[in-house]
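# Survey of secondary and tertiary structure
Below are the chains, spelled out letter by letter.
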Protein chains: 2
Amino acid sequence: MKIDDSFYMKLALDEAWKYQLLTYPNPAVGCVVVKNGELLSIEAHKEAGHPHAEVNALKAAFLKKHPNDKIKTINDAFKVHEYLMEHHKNFFTDCEVYVTLEPCNHVGKTPACTNLLKELKPNRVVIAHEDLNKEASGGQETLKSVNIDVSIGCMKKEAYDLLYPFIKWSNGTFIFYKMAQTLNGSIDGQISSNKAKAYVHTLRDRIDCMAIGGNTVRTDKPTLDARYVAGRAPDIFIYSKNKIFDKKIPLFHVPNRKVTISDDLFKLLDYKFIMVEGVYNLLDILKERIDYIVLLISPKIRRGHNALSEINMDFEIIHENYIGEEKIIYLKRKS
Amino acid sequence: MKIDDSFYMKLALDEAWKYQLLTYPNPAVGCVVVKNGELLSIEAHKEAGHPHAEVNALKAAFLKKHPNDKIKTINDAFKVHEYLMEHHKNFFTDCEVYVTLEPCNHVGKTPACTNLLKELKPNRVVIAHEDLNKEASGGQETLKSVNIDVSIGCMKKEAYDLLYPFIKWSNGTFIFYKMAQTLNGSIDGQISSNKAKAYVHTLRDRIDCMAIGGNTVRTDKPTLDARYVAGRAPDIFIYSKNKIFDKKIPLFHVPNRKVTISDDLFKLLDYKFIMVEGVYNLLDILKERIDYIVLLISPKIRRGHNALSEINMDFEIIHENYIGEEKIIYLKRKS
């Protein structure tokens, strides 16, 4: 196996994918620091408002070689910046920094990463994908201006797939379809583990709106909140021509939630980040608009109803991971 | 993410899994070399008779720092051993070697790895799983005898899962079930890509015997050879009470192949390495004896017949990988 820029960038990409969709409205970003050939850290941006991937990776790299340094106790992004700027002692000048997205060049909820990198002066910064956000871009120019060697485009396609939800929700709407099934496609009964359920509730906590079919609401009477993670319940869009529902079910009584019953799917575009849950019927209707499918596969064979549908669709697997013992597969429709 | 012994061992394990089942009758083994903190190589044993994982990794590590060295042109295991023994110039004394299986201590088709390591004297050898093969074991003692620091047991469970086919075929029979389906469990028509088909033919080239149901033979009239990779066709075991078959079909006319028609599954135990192909019917019958399921999942949704079965089984996903754009998932039955 080749150990090259792509190898290290892949480590950064995989780490970032662990937090994919959970960083909304920020992009998922991963970062790796290699010092003089030695791999020191692999970190990611985990949640909006928390430190960026670069900050986490620079801090972890410094800690790896100074395990008892005071930085261990500093978590606030601004304070980590400040501390590293003051105490780096040229630690990073023989480092290579691999980052899946061009480091941000503006001060937002957290300070600009390029500003920090400019001071720490790593030998080389390898960037997979340039920043498309005009407000935050210009990072590579800033780095080059202090003679940091900057490479752009390593694993760009994979970085684009990682960045894609951010691109969509920044300029419109990102819609993903979430489904859970057994290995043989059975969708009956309790399929997912508690870990997988908690993950789905974490997703619900992050999204703006959840879309679901009217019959599912009528039959299953789901609450569709984020109680397993004590999270925020999303707005609900019930896709239904028939507007009659039992309004006594808990779904309609979650505080701070808007419920829309409509068969006009264009109304979804009022939201930026949408999860669709259900079997393949809504997928069929929305297939031209679905960006990703998030498929949870429970490692068992079960008799029962099957997800078999009347649709033919081809996908590209853009990433896969584990949620506990279950597989999670991210699919993108092949056009 | 923690960068520790487990991190490097995982790289070795993942590399070895790329050749899982293909190294028969040898075990799949992976090896990583880290020099003074710098990751130099990640290699595996690829095929019986070819160099062991350690030899591939030591060679690749040396080449990484001496890219134009003559060793580049040496591929024979004995000659790589010999060359490294003569020309290492203490290159490896500040190296750590991670290997998924205790280095072999005996000379077989290839020379003993411990013999080589004893000479190269890496600082430390980290072993995931001890050797269970009595003939080849004793490796750790040999290494310790020359004061190499030896650690045993890092990621032992994962190394056991990797080693498991070897353990079974060394002392009895290893049986795996191969299945291909779409995401939604459809098994109709052409599911797999050409790459996946070539992989299945490579498996057929390695196994001793392939078991299949009588009705599949009657209906599909398959040849069940390894023509896509110009490989050796395995013996065939047709599971059927009814012994009447159209003997004119190509399956019965492949040279050097034994075809058994029987409903006595104990006859399978004459073989050491068996692949079962089919839908879930044979899985149901053989479920107590199946060691692994190798499930190829094509990233598409298709209408069509479904693999839905009457059985309930729980699995652990022990590894997953890609064959081109398709996923390959290795499952072990949960007992």
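Residues numbered from 1 in each chain as written. Chains lettered and ligands numbered in written order. Predicted model: local features only at pLDDT ≥ 70, side-chain atom pairs only at ≥ 80, totals over all residues. Heavy atoms only, no water.

## A short note on the overall build of chain A
- Secondary structure summary: chain A contains 9 helices and 14 strands in total.
- Taking 335 residues into account, the globule formula puts the C-alpha radius of gyration at 20 Å, and chain A, at 22 Å, falls close to it.
- With respect to the three principal axes, the spread of C-alpha positions in chain A is 65 × 45 × 40 Å.
- Counting only residues that meet the buried cut, chain A has 59% of its 335 residues in that class.
- Of the roughly 14,200 Å² of accessible surface on chain A, a fraction of 48% belongs to carbon and sulfur atoms. (Helix = DSSP H or I, 4+ residues; strand = E, 2+ residues; numbered from the N terminus. Rg over C-alpha atoms; globule rule 2.2 N^0.38 Å. Buried < 20%, exposed > 50% of the residue type's maximum accessible area, 1.4 Å probe, protein only. Areas by Shrake-Rupley, 256 points an atom, 1.4 Å probe, with all protein chains shown as cover.)

## Some points on the relation of the copies chain B and chain A
- Turning chain B through 180° and shifting it by 0.0 Å along the axis lays it on chain A, with an RMSD of 0.0 Å. Taken together, these values place the two copies in the relation of a two-fold axis. Residue B:E38, judged by its C-alpha, is the member of chain B lying nearest the rotation axis, at 2.1 Å.
- Interface overlap between copies: 98% of the residues of chain B at the interface are likewise at the interface in chain A, consistent with a symmetric, same-surface contact. (Least-squares fit on C-alpha atoms with pLDDT ≥ 70 in both. Contact = heavy atoms within 4.5 Å.)

## Observations regarding the packing of aromatic side chains
- Evaluated as defined, the whole model comprises 36 aromatic pairs over all chains.
- Considering the side-chain rings of A:F174 and A:F273, the 6.1 Å spacing of their centres and the 45° angle between planes classify their relative orientation as tilted. In this pair, A:F174 sits in strand β6 (residues 174-182) while A:F273 sits in strand β10 (residues 273-277), placing the two residues 99 residues apart along the sequence.
- The class for A:F273 is buried, based on a relative accessible area of 0%.
- When the ring of B:F176 is compared with that of B:F273, the centres are 5.8 Å apart and the planes differ by 40°; the resulting orientation is tilted. Placement of the pair is B:F176 in strand β6 (residues 174-182) and B:F273 in strand β10 (residues 273-277), with a sequence separation of 97 residues.
- Classification of B:F176 by relative accessible area gives buried; the value is 0%.
- A:K247 extends its terminal NZ or CZ atom over the ring of A:F252, reaching a point 5.6 Å from the ring centre.
- Above the plane of the ring of B:Y322 lies B:K327, whose end atom (NZ or CZ) is 3.8 Å from the centre. (Phe/Tyr/Trp six-rings, centres within 6.5 Å; stacked < 30°, edge-to-face > 60°. Lys NZ or Arg CZ within 6 Å of the ring centre and 35° of its normal.)

## Re the pairing of strand β13 (residues 313-323) of chain B
- Of all 11 residues in β13(B), 8 are buried, a share of seventy percent or more.
- Sheet topology places strand β12 (residues 300-301) of chain A next to β13(B); 2 bridges connect them, and they run antiparallel. Bridging from a neighbouring strand, A:I301 pairs with B:M313 of β13(B). (Pairing = 2+ DSSP bridges.)

## Thoughts on the environment of B:L84
Residues and elements named next belong to chain B.
- As for its placement among the helices and strands, L84 is situated in helix α3 (residues 77-87).
- Considering only alpha carbons, one finds L84 and A57, 27 residues apart in sequence, at a separation of 12 Å.
- Residue contacts for L84: discarding those within four places in its chain leaves L58, K59, F62, I71, F92, L116 and L120.

## Section: the pattern of salt bridges
- The final tally for this structure, using the stated rule, is 42 salt bridges over all chains.
- Between B:D14 and B:K10 there is a salt bridge whose closest N-O contact spans 2.9 Å. In this pair, B:D14 and B:K10 are both assigned in helix α1 (residues 5-17), 4 residues apart and thus about one turn of the helix distant.
- B:K287 is paired through a salt bridge with B:D284; the nearest N and O atoms lie 3.3 Å apart.
- The exposure class assigned to B:K287 is partly exposed, which follows from its relative accessible area of 23%.
- Overall, the relative accessible area of 32% leaves B:D284 in the partly exposed class.
- Each of the salt bridges in this network shares a partner with another, and the network as a whole consists of A:K157, A:D161, A:E316 and A:K332. (Salt bridge = Lys/Arg side-chain N within 4 Å of Asp/Glu carboxyl O.)

## A closer look at the interface of chain B and chain A
- Facing 49 residues of chain B, the contacting portion of chain A comprises 48 residues.
- Here chain B and chain A share an interface that buries about 4,200 Å² over both sides, 56% of which is from carbon and sulfur atoms.
- Two residues, A:K327 and B:E320, come together in a salt bridge whose shortest N-O distance is 3.6 Å.
- The interface formed by chain B and chain A includes 20 residue pairs in polar contact (both at pLDDT 80 or more).
- When residues of the side of chain B that touches chain A are traced back to their parent elements, those giving at least two are α1, β2 (38-44), α9 (280-286), β12 (300-301), β13 and β14 (326-333) of chain B.
- Of the residues forming the side of chain B that touches chain A, the biggest block, 7 residues, is contributed by β13(B).
- Looking at the side of chain B that touches chain A, its residues break down into 23 nonpolar, 12 polar and 14 charged. (Buried area = accessible area lost by both parts, 1.4 Å probe. Polar contact = N/O pair within 3.5 Å; in protein donor to acceptor, adjacent residues only side chain to side chain. Nonpolar A, V, L, I, M, F, W, Y, C, P; charged D, E, K, R; others polar.)

## Overview of the domain arrangement of chain A
Residue and element names in this part refer to chain A.
- Domain boundaries in chain A define domain 1 (5-170) and domain 2 (174-333).
- Taking the mean C-alpha position of each, domain 1 and domain 2 sit 32 Å from one another.
- With 17 residues of domain 1 at the interface, the matching set in domain 2 holds 19 residues.
- There are 3 salt bridges connecting domain 1 and domain 2.
- Taking the shortest distance from any N to any O, the salt bridge between K157 and E316 comes out at 2.3 Å.
- Across the contact surface, domain 1 and domain 2 share 7 residue pairs in polar contact (both at pLDDT 80 or more).
- Elements with a minimum of two residues in the side of domain 1 that touches domain 2: α1 (5-17) and α6 (156-171).
- Here the element with the most residues in the side of domain 1 that touches domain 2 is α6; it accounts for 9 residues.
- Here the residues of the side of domain 1 that touches domain 2 sort into 9 nonpolar, 2 polar and 6 charged. (Domains from an automatic or database assignment.)

## Observations concerning the packing of α3(B) against helix α4 (residues 113-120) of chain B
Residues and elements named next belong to chain B.
- Between α3 and α4, whose axes approach to 9 Å, the crossing angle comes to 15°. By the criterion of interaxial angle, the relationship of α3 to α4 is roughly parallel. Of the two possible hands of crossing, α3 and α4 adopt the one that is left-handed. For the pair α3 and α4, contact is made by H81, L84 and M85 and by C113, N115, L116, E119 and L120, respectively.
- Taken together, the residues of the contact of α3 with α4 sort by class into 5 nonpolar, 2 polar and 1 charged. (Axes fitted to C-alpha atoms, helices over the stretch in contact; angles between N-to-C directions. Parallel < 35°, antiparallel > 145°, perpendicular 65-115°, else oblique. Left-handed = near helix turned anticlockwise from the far one by under 90°.)

## Section: the packing of helix α2 (residues 53-65) of chain B against α3(B)
Residue and element names in this part refer to chain B.
- The N-to-C vectors of α2 and α3 enclose an angle of 45°; their axes lie 11 Å apart at closest approach. By the criterion of interaxial angle, the relationship of α2 to α3 is oblique. Crossing geometry of α2 relative to α3 is assigned as left-handed. Taking contact as the criterion, the partners of V55, L58, K59 and F62 in α2 are, on α3, V80, H81, L84 and H87.
- Here the residues of the contact of α2 with α3 are counted per class, giving 5 nonpolar, 2 polar and 1 charged.

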